[in-house]
Amino acid sequence: MSSTGRAVIGRPRGFDADAALDRALEVFWRQGYEGASLSDLTEAMGINKTSMYAAFGNKRDLFGKVLARYAAVDMAYARDALAAPTARKVAETFLRENAKAVTMPGRPPGCLSIQGGLSCGPDNAEVTETLAQARKGGEVAMRDRFRRAIEDGDLAPENDPDDLARYVMTVSEGLAVHASAGATREELARAVEIALRAFP
């Protein structure tokens, strides 16, 4: 019942949309967008196809909602990193937490953004582009943070914020690829420490 006393028509009692999205996220993460069938998704989510369409739309719509959930929960460390007081601390926090995130117990190794649709076929090129744009958005946010660091005198003006942001994002994407191939958290942490030596 709603606060007005009227019956609310919608999801059945006990349906947890966030939990269902988390389970769909894991399917997309493990199998990629094209590899995740509707049957795989609905079985993991614990709902039938009719309920999935009613609650989340079609497969592409569901993937969009999964990406939003991933950005809010699994990528929260990126927002924390951008709020760090210095550019150096931004890079340190982002890369160290990224190494942890791509080796999180209970989650597939690697990164949804990489595994989700890096090599989709032509029919799903939009998925690849969406994921590329999401990664680019992270790079732009980091570039803007480094620009502010230069304006504040935290970074020397000879540093190029575009290059620094691209460097940090390239390292983080490499960590995800290596994690998916079996690299351990400890191995990635050592790689991060080497990468940070090149950061001003």
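As the structure is a computational prediction, the values presented were derived from the model and not from experiment.

1. Let's talk about the nonpolar core
Part 1 of the argument: Ranked by size, the top nonpolar core spans 57 residues in total, and within it F28, M45, F56, L62, F94 and F146 carry the most contacts.
Part 2 of the argument: The element contributing the most residues to this core is helix α1 (residues 17-35), with 9 residues.
Part 3 of the argument: Apart from the residues within four sequence positions on either side, M45 is in contact with A20, R23, A24, M52, F56 and L62.

2. Some words on helix α10 (residues 185-196)
Since the α-helix advances by 3.6 residues per turn, residues separated by three or four positions end up pointing in the same direction.
Part 1 of the argument: When the terminal C-alpha atoms of α10 are compared, their 16 Å separation across 12 residues agrees well with the 16 Å that a helix rising 1.5 Å per residue should span.
Part 2 of the argument: Buried residues of α10: L188, V192, A195 and L196, and no others. For α10, the arc enclosing every buried residue in end-on projection is 95 degrees, short of the 170-degree limit, so these residues lie on one face. Residues of α10 that are exposed and angled more than 90 degrees away from the buried face: E186, R190 and I194.
Part 3 of the argument: Structurally, α10 contributes buried residues whose contacts are with α6 (87-101) and α9 (161-180).

3. Re the packing of aromatic side chains
Part 1 of the argument: By the definition in use, this model includes 6 aromatic pairs.
Part 2 of the argument: Ring centres of F28 and Y33 lie 5.8 Å apart, and the angle between their planes is 5 degrees; on these two criteria the pair is classed as stacked. Y33 shares its class with F28; the two are buried.
Part 3 of the argument: Ring geometry for W29 versus Y70: centroids 5.5 Å apart, planes at 90 degrees, classification edge-to-face. Remark: Y70 occurs in helix α4 (residues 59-73) and W29 occurs in helix α1; sequence separation between them is 41 residues.
Part 4 of the argument: You can call Y70 buried: its relative accessible area is 8%.
Part 5 of the argument: By the ring-pair criterion, three or more aromatic residues cluster together here, those being F28, Y33 and F63.
Part 6 of the argument: A cation sits over an aromatic face here: K59 above Y33, 4.4 Å from the ring centre.

4. Some details on the pattern of salt bridges
Oppositely charged side chains can pair when the atoms bearing their charge come close.
Part 1 of the argument: Evaluated as defined, the whole model comprises 17 salt bridges.
Part 2 of the argument: The partner of R96 in a salt bridge is E92, with the nearest N and O atoms 3.5 Å apart. With a gap of 4 residues between them, R96 and E92 both fall in helix α6, about one helical turn apart.
Part 3 of the argument: When salt bridges that share partners are traced, they join R88, K89, E92, R96 and E193 into one network.

5. Some words on the side chain of S172
Part 1 of the argument: Along the chain, S172 falls in helix α9.
Part 2 of the argument: Using a relative accessible area of 5% as the deciding quantity, one classes S172 as buried.
Part 3 of the argument: Excluding its chain neighbours within four sequence positions, the residues that come into contact with S172 are F94, L95 and N98.

6. A word on the confidence of the model for the protein
Part 1 of the argument: Looking at the protein, the pLDDT average stands at 89 and 91% of residues meet or exceed 70.
Part 2 of the argument: Per-element mean pLDDT across the protein ranges from 83 in helix α7 (residues 112-115) up to 98 in α10.
Part 3 of the argument: With pLDDT under 50 throughout, residues 1-13 is counted as low confidence; its partners more than four residues away or in other chains account for 6 contacts.

Conventions used here
Here, residues in each chain are numbered from 1, in the same order as that chain's written sequence. Owing to the predicted nature of the model, reporting of local features is limited to residues with pLDDT of at least 70; listing and counting of side-chain atom pairs is limited to 80 or more, with chain, interface and lining totals taken over all residues. Side-chain measures were taken over the full set of non-hydrogen atoms in the model, leaving aside hydrogen atoms and water. Here, nonpolar core refers to any group of buried Ala, Val, Leu, Ile, Met, Phe, Trp, Tyr and Cys residues whose side-chain atoms link them within 4.5 Å. Think of it in three bands: with a 1.4 Å probe and only protein chains considered, a residue is buried below 20% of the maximum accessible area for its type, exposed above 50%, and partly exposed in between. In DSSP terms, a helix is any run of H or I states spanning at least four residues, a strand is any run of E spanning at least two, and both are numbered starting from the N terminus. In this description, contact between two residues means that some pair of their heavy atoms is separated by no more than 4.5 Å. A helix's residues, less one, multiplied by 1.5 Å, set its expected span. By arc we mean the arc of the directions from the helix axis to the C-beta atoms, nothing more. Pairing of aromatic side chains requires ring centres within 6.5 Å, counting the rings of Phe and Tyr and the six-membered ring of Trp. Pairs whose planes differ by under 30 degrees are stacked, by over 60 edge-to-face, and all others tilted. A positively charged side chain is recorded as over a ring if its NZ (Lys) or CZ (Arg) lies within 6 Å of the ring centre. The angle to the ring normal must also be within 35 degrees. Counted as salt bridges are all cases of a side-chain nitrogen of Lys or Arg within 4 Å of a carboxyl oxygen of Asp or Glu. For every residue, the predictor assigns a confidence score, pLDDT, that lies between 0 and 100.

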